[in-house]
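One-letter residues, chain by chain:
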Amino acid sequence: GGHGKVFGTMNIYGLVILGALLISYALNILARVLNLRTLGDPLPAEFEGVYDARDYARMQEYTRANTRFGFITATFDLAVLLLFWFAGGFNWLDLLVRGWGFSPLVSGLLYIGLLLLGSSLLSLPFSIYDTFVIEERFGFNRTTVRTFVLDLLKGLALSVLLGGPLHGERQDRKSTRLNSSHRT
């Protein structure tokens with residue numbers, strides 16, 4: 001019934017991608033559930049005297065908290081991706097970027113860059129919570145707010161630096177080809 005409109009307009013590639021996304025999500029959830037089931041086991045005899053039982057229990061609780069938080073982030077990520085896809089967001093962004101009049105390569109880099117920027121902004125609250133709440137609760141956080149922000153800025157700078165040379169490399173090859181073709 002209700003799925004006919006969405007799936008009826010989707011080509012085979014879209015169906016394959018949707019299937020892969022859903023299977024990946026299901027396997028991710030299954031792996032998390034199986035991991036949670038193994039937690040709570042006592043310290044294996046082989047590690048007695050090597051690893052403290054209290055530290056082991058604390059590490060299991062940390063893993064449990066991170067795994068549960070992973071359910072939330074994985075579900076949010078999939079929901080946002082599907083919502084963006086089915087609302088026509090990929091096409092909208094493509095038309096927007098193409099409308100700026102850049103070459104196909106620059107438009108492609110901008111398109112991917114904007115998708116990554118949007119994804120990063122949406123995942124930022126989860127990253128903050130993971131670092132400053134979960135890790136802090138278990139005493140694992142050594143990151144200051146300043147370090148966290150600097151790491152984000154370094155990652156952004158690295159993305160820009162890697163994207164820019166790709167465009168420059170392409171332009172260099174193109175001008176070399178044009179110059180060599182004029183010599184003949």
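Right, let's walk through the structure included here. Residue numbers run consecutively from 1 along every chain, following the written order of its sequence. For this predicted model, a pLDDT threshold of at least 70 governs which residues receive local features, and a threshold of 80 or more governs which side-chain atom pairs are given and counted, while totals over whole chains, interfaces and linings are taken from all residues. Values reported for side chains reflect all heavy atoms of the structure, with hydrogen atoms and water molecules removed beforehand.

**Re the packing of aromatic side chains**
Stage number 1. Any pair of Phe, Tyr and Trp rings, taking the six-membered ring for Trp, is counted once the centres come within 6.5 Å. Such a pair is stacked with planes under 30 degrees apart, edge-to-face with planes over 60 apart, and tilted for the rest. Evaluated as defined, the whole model comprises 10 aromatic pairs.
Stage number 2. On the basis of an interplanar angle of 80 degrees and a centroid distance of 4.6 Å, the ring pair of Tyr 62 and Phe 140 is categorised as edge-to-face. In this pair, Tyr 62 is assigned in helix α3 (residues 53-86) and Phe 140 in the loop between α5 (104-137) and α6 (145-183), connecting sequence segments 78 residues apart.
Stage number 3. The rule is simple: take the accessible area with a 1.4 Å probe, protein chains only, and divide by the maximum for that residue type; under 20% is buried, over 50% is exposed, in between is partly exposed. For Tyr 62, a relative accessible area of 14% gives the class buried.
Stage number 4. The partly exposed category is assigned to Phe 140, whose relative accessible area is 30%.
Stage number 5. Centre to centre, the rings of Phe 132 and Phe 148 are 5.3 Å apart; their planes meet at 65 degrees, and the pair counts as edge-to-face. Taken together, the residues span a long stretch of sequence, with Phe 132 in helix α5 and Phe 148 in helix α6 at a distance of 16 residues. For helices the rule is a DSSP run of H or I covering at least 4 residues; for strands it is a run of E covering at least 2, with both sets numbered from the N terminus onward.

**Some points on the nonpolar core**
General note: in soluble globular proteins, nonpolar side chains tend to be found buried as a group.
Stage number 1. We call a set of buried residues a nonpolar core when its members are Ala, Val, Leu, Ile, Met, Phe, Trp, Tyr or Cys and they connect through side-chain atoms within 4.5 Å of each other. Tyr 62, Ala 65, Phe 69, Phe 126, Ile 134 and Phe 138 together form the largest nonpolar core, which totals six residues.
Stage number 2. Counting residues per element, the ones that place at least two in this core are α3 and α5.
Stage number 3. Considering every element that reaches this core, the biggest residue donor is α3, with three residues.
Stage number 4. The contact rule is simple, with two residues in contact once any of their heavy atoms fall within 4.5 Å. Sequence-distant contacts of Tyr 62, defined by excluding residues within four places in its chain, comprise Ile 134, Glu 135, Phe 138 and Phe 140.

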